[in-house]
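Report on the structure
The chain contents come next:
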Amino acid sequence: MIHLTSVSKQYTADSVGLADVDLSIEAGEFVSIVGQSGTGKTTLIKLLIAEEKPTSGQIEIGGWDISRIRQSDVPLLRRQIGVIFQDFKLLPKKTVRENVAFALQVAGEPHKRIKDIVPRVLEIVGLGPKMERYPHQLSGGEQQRVVIARSLVHRPKIIVADEPTGNLDSINTQEIMEILKKINEFGTTIVLVTHNRDIVNQLRKRVVVLQDGKIISDERHGKYHLSATAV
Amino acid sequence: MYSFLRIIRFALQDIARNIGLSFMTIFVLVLMLLSVNTLLFIRLVTTEATTSIRDQIDVSIYLSLEATADEIDEVYTYIASLPEVTQATFFSQEEVLDNFRTLYHDNENILASLEELTENPLGATIVVKTKDPADYVTVIEELSIPEYETIVESKTFTDTQGAIQKIDVITTNVERFSFALTAFFAIIAFLIIFNTIRVAIYTQRIEISIKKLVGATNWFVRGPYVIESVVFSVFSVGIAISMVYISTGFLDQYLGVILGDPQFLTNYYFLHILSLAGIQFGIVFFLTLISSLLAMRRYLRT
């Protein structure tokens, strides 16, 4: 599903985002990427959604080499990947329903299909009764559920979540993780970047540890630790 | 088709949901258009005033009492054939006397003096108008030939030469000033519009990046701003033209006295309203569109 081959990202001579990273993530996997700040986690996310291009190496997503992706193809790639951010990134002047619908509208989906599917997805994340509210009228946990609904609505094969629980309390964190696990159970590949030790340990799924832009540990059923134990 | 309709809907939603910003943008555009229209007023009125003064300038060629009908006819034909002359009007001795009497109808002394005379003391006159006040010099020179010395008694041009030269200087200066003012206003207008739109786009930069992250193409992001430019242009031009049209009625009360036409500005605006609105819409739309595309460019890179 996702294959990184000798991928490096160098910003300046002494600033390395990723250094010669090889990583393969198969369809349906739930992979947690952990590491201290500045170890290359966000760089990895930016490369996966083509916000940045690698300095060298190859990135393949679903058989599509996106290492040298054309600018005009970037929207097509992003419509196939659901992205969840710590700071939500919701459109403040659009309602919950409109925010979720927007992901389908950009892809040119017909109005009828959008009208059918958006309320259903919002029901799944428990926001059916609040679909006409604006983001600022929701709690942090609710806003993150809107983001999940938006990332789910076009049925992506991959969801990339960058610190999705970073701004949430423990109860909301648990709710969001339960939703992500559910999505994964239905076959969607999830790449989770997090600092949260508890959620990684509870998941008991694959854990990849990054340090100084390199993978220092990759465990099939791992726990959160920041020292090399297995590669 | 879906995308186009959505873009229109998004644009209208953006305008309504950012009503403060939309109002501010339209307000600034209206102010800019009012400035441009004021400039247009100034040009129009000064041009009309100088044209009106130019029209009032003419040269009277007084013919000798001894001049025969054939000689008068020859001079008249010659003057009328000059390329600089737009109009040559002949007044016979009788007509000149009648005009003189009308002019001094309330001056008993002059009228009594005329009665004393047994013969008409006034010769026939040819009143000449030219394309340009500067052409009067040419006409006078053309008549200053030995053959016409005994026929032409005098020419009044020397009396008005100074006035004509002054009008010429004023007209030229007004035109130069108007041109400089127009160029100055054009630069100011562009800067105002560019900065207004840039502020509007800056406040929406995060939204633009979010739209890009969700998979919107550049044109799907730009589209609503293009439609918003159309809406802002329509509203600002509509408001500005309406305000200008209303103010013409008020200004005409004062300008009518100077220009001799009590509805000069109103008539001008009524006759040219479509072209004025069209040109102003085109300029405002072009400027807002270019400004928004330039301001947005950096936020569309990610």
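Residues numbered from 1 in each chain as written. Chains lettered and ligands numbered in written order. Predicted model: local features only at pLDDT ≥ 70, side-chain atom pairs only at ≥ 80, totals over all residues.

1. Describing the packing of helix 3 (residues 96-105) of chain A against helix 4 (residues 111-124) of chain A
All names here are of chain A. Helix 4 packs onto helix 3 with a crossing angle of 125° between their chain directions and a minimal axis gap of 10 Å. If you check the angle between helix 3 and helix 4, you find them oblique. Like other packed secondary-structure pairs, helix 3 and helix 4 cross with a definite hand, here right-handed. Seen from helix 3, the contacting residues are Val-96, Arg-97, Val-100, Ala-101, Leu-104 and Gln-105; seen from helix 4, they are Ile-114, Val-118, Val-121 and Leu-122. Per-class residue counts for the contact of helix 3 with helix 4 are eight nonpolar, one polar and one charged. (Axes fitted to C-alpha atoms, helices over the stretch in contact; angles between N-to-C directions. Helix = DSSP H or I, 4+ residues; strand = E, 2+ residues; numbered from the N terminus. Parallel < 35°, antiparallel > 145°, perpendicular 65-115°, else oblique. Left-handed = near helix turned anticlockwise from the far one by under 90°. Contact = placed C-beta atoms within 7 Å. Nonpolar A, V, L, I, M, F, W, Y, C, P; charged D, E, K, R; others polar.)

2. Some details on the interface of chain B and chain A
Note: interface size is frequently given as the accessible area lost on complex formation between the parts. At the interface, 15 residues of chain B touch 17 residues of chain A. Per element, the largest residue contribution to the side of chain B that touches chain A is five residues, and it comes from helix 1 (residues 2-17) of chain B. Of the residues belonging to the side of chain B that touches chain A, the class tally is six nonpolar, five polar and four charged.

3. Section: unusual backbone geometry
Residue and element names in this part refer to chain A. Unlike most non-glycine residues, Ser-6 shows phi in positive territory, near 45°. For Arg-204, which is not a glycine, the phi torsion comes out positive at approximately 55°. For Arg-204, the position within the fold is in the loop between helix 7 (197-203) and strand 9 (206-211). Judged by the 12 C-beta atoms lying within 10 Å of it, Arg-204 falls in the exposed class. (Buried ≥ 20, exposed ≤ 12 C-beta atoms within 10 Å, placed from the backbone.)

4. Some thoughts on the UniProt feature "domain: ABC3 transporter permease C-terminal" (unreviewed entry) in chain B
This chain's UniProt record puts "domain: ABC3 transporter permease C-terminal" (unreviewed entry) on residues 181-299 of chain B. End-to-end, the C-alpha atoms of residues 181-299 of chain B are 35 Å apart, and along that stretch the chain is 92% helix and 0% strand. (UniProt positions renumbered as here; feature names shortened; annotations may be inferred.)

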